[in-house]
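Summary of the model geometry
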Amino acid sequence: MIPQKSGVIKIGDREFSKLSSFINTNYGIKLPDVKRTMLQARLQKRLKENNLSSFKDYCDLVFSDKGEQTEIVHMIDMVSTNKTDFFRESSHFDFMKSTILPAFSQKGKGILKVWSAACSSGEEVYTIGMVISEFIRSKPGFDYATLGSDISQQMLQRSSTAVYSMKSVEMLPMELKKRYLLKKKAAVDPDVRIVPELRSKVQFQRVNLMSESYQVPADFDIIFCRNVLIYFEREVQELVIWKLLKHLKPGGYLFLGHSESIMGMNLPINQIKPTIYQKRSL
């Protein structure tokens, strides 16, 4: 057994290889050897909660029938990266306001359907809600519905609860704060919660983008899948986008993260602006 220091349980070569390979193959999260310390640190809590003294025992748990039902979900919660902000990459929301929403409004009554395919802790979902709600305030005539999905059950719970720190919303304009945030009554560092009107427009669902197919509707007008493909291998990125496009209407829009490129990929989409794509009509 590898010696332990300061109560930290070390991960051996075999266990790291086994776990990193499984996570990459089934969830698309790349864990090269330079991420060994990170994986070891993030899984310490899981070993403690399962009363395990080695990563060999942890691997036995993960790859057991019990692990398939429960522990794998917790493990992915620990290793997935969840970084997001309100109005992150704001040019996408500017394009919604200037182009997508006016065009949809001209069609008359209907429901604009949006999928946030890696919603993390929910800031993206509720930013989408604010943008659409603000547009509808001045030009009523249609409604909207949003699906927020993520691989992390923990993040989906946070998204559904919709409680955020004051610091995380400090950059929002005061008008949006007054309209869409409820301030908790606390003397020090009060949190805020998204108003029920926005929360009611969102459904949350656990979706693994590495799955062969996605059990979600096939008629979205907009799909956000931002800053998650960068964790996948190039060939996997193309496969994921193909699967996403099966759920996007012809003429619908796909938003990717600004650090993500699809150059050289054979996809049925046209680039409208950097990281903004429109699905070609069949």
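Structural data are supplied above this passage.
These notes cover the structure that comes with them. This structure is a prediction, so every number in the text was calculated from the model and none was measured.

1. Points about the overall build of the chain
In terms of helices and strands, the chain carries 11 helices and 10 strands. A compact globule built from 282 residues would reach a C-alpha radius of gyration of about 19 Å, and the chain, at 21 Å, matches this within 12%. In terms of overall dimensions, the chain has a C-alpha envelope of 65 × 55 × 30 Å along the principal axes. By residue count, 48% of the 282 residues in the chain fall in the buried class. Accessible surface for the chain amounts to roughly 14700 Å². Of this, 51% is attributable to carbon and sulfur atoms. Each charge sign in the chain was given a centre, from 41 positive and 30 negative side chains, and these centres are 5 Å apart.

2. Let's talk about the packing of aromatic side chains
For any pair of aromatic rings, the description consists of the separation of the ring centres together with the inter-plane angle of the planes. Taken as a whole and judged by the stated rule, the model has 15 aromatic pairs. Relative to Phe63, the ring of Phe22 lies with its centre 5.2 Å away and its plane at 90°, an arrangement referred to as edge-to-face. Here Phe63 lies in the loop between helix H4 (55–62) and helix H5 (65–79) and Phe22 lies in helix H1 (residues 13–27), a separation of 41 residues in the sequence. On the basis of relative accessibility, which here comes to 31%, the residue Phe63 falls in the partly exposed class. Ring geometry for Phe135 versus Phe142: centroids 6.1 Å apart, planes at 45°, classification tilted. Judged by relative accessible area, Phe142 falls into the buried class, the value being 6%.

3. Some thoughts on the nonpolar core
If you look at the biggest cluster of nonpolar residues, it comprises 39 residues, and the most contacted ones within it are Met96, Met130 and Ile132. Only helix H6 (91–106), strand S1 (111–116), helix H7 (123–138), helix H9 (174–180), strand S5 (192–194), strand S7 (220–225) and strand S8 (248–256) provide two or more residues apiece to this core. If you tally residues by element for this core, the top one is H7, at eight residues. Those residues in contact with Met130 that sit more than four places away from it in its chain are Phe86, Phe87, Leu172, Leu176, Tyr180, Leu181, Ile194 and Leu198. Among the nonpolar cores identified, the runner-up in size contains 27 residues, and Met210, Tyr214, Phe232 and Leu244 belong to it.

4. Structural notes on H5
Taking 1.5 Å as the rise per residue, H5 with 15 residues should run 21 Å; its terminal C-alpha atoms sit 21 Å apart, in good agreement. Glu71 marks where H5 bends most, by close to 50°. If you check which residues of H5 are buried, you get Gly67, Glu71, Ile72, Met75, Ile76, Asp77, Met78 and Val79.

5. Digging into the sheet that holds strand S3 (residues 163–164)
Taken in spatial order, the three strands of this open sheet run S3-S5-S4, and their pairing is antiparallel. Of all the strands in the sheet, just S3 and strand S4 (181–183) have a single pairing partner and so form its edges. As defined by bridge partners, S3 adjoins S5 across two bridges and the pair is classed as antiparallel. Note on S5: the bridge partner recorded for Tyr164 is Val192.

6. Overview of the packing of H4 against H5
How two helices sit against one another is set out by the angle between their axes and by the gap between those axes. Taken N-terminus to C-terminus, the directions of H4 and H5 make an angle of 120°; their axes are 8 Å apart at the nearest point. The angle between H4 and H5 falls in the class oblique. Each of Tyr58, Leu61 and Val62 in H4 lies in contact with H5, whose residues at this interface are Lys66, Gly67, Glu68, Glu71, Ile72 and Met75. Each residue belonging to the contact of H4 with H5 can be placed in one class, and the counts come to five nonpolar, one polar and three charged.

Rules used in this analysis
Residues numbered from 1 in each chain as written. Predicted model: local features only at pLDDT ≥ 70, side-chain atom pairs only at ≥ 80, totals over all residues. Heavy atoms only, no water. Helix = DSSP H or I, 4+ residues; strand = E, 2+ residues; numbered from the N terminus. Rg over C-alpha atoms; globule rule 2.2 N^0.38 Å. Buried < 20%, exposed > 50% of the residue type's maximum accessible area, 1.4 Å probe, protein only. Areas by Shrake-Rupley, 256 points an atom, 1.4 Å probe, with all protein chains shown as cover. Lys, Arg positive; Asp, Glu negative; His and termini not counted. Charge placed at Lys NZ, Arg CZ, Asp CG, Glu CD. Phe/Tyr/Trp six-rings, centres within 6.5 Å; stacked < 30°, edge-to-face > 60°. Core = buried A, V, L, I, M, F, W, Y, C linked by side-chain atoms within 4.5 Å. Contact = heavy atoms within 4.5 Å. Expected span 1.5 Å × (residues − 1). Bend = angle between axes of the 7 residues up to and from the residue. Pairing = 2+ DSSP bridges. Axes fitted to C-alpha atoms, helices over the stretch in contact; angles between N-to-C directions. Parallel < 35°, antiparallel > 145°, perpendicular 65-115°, else oblique. Nonpolar A, V, L, I, M, F, W, Y, C, P; charged D, E, K, R; others polar.

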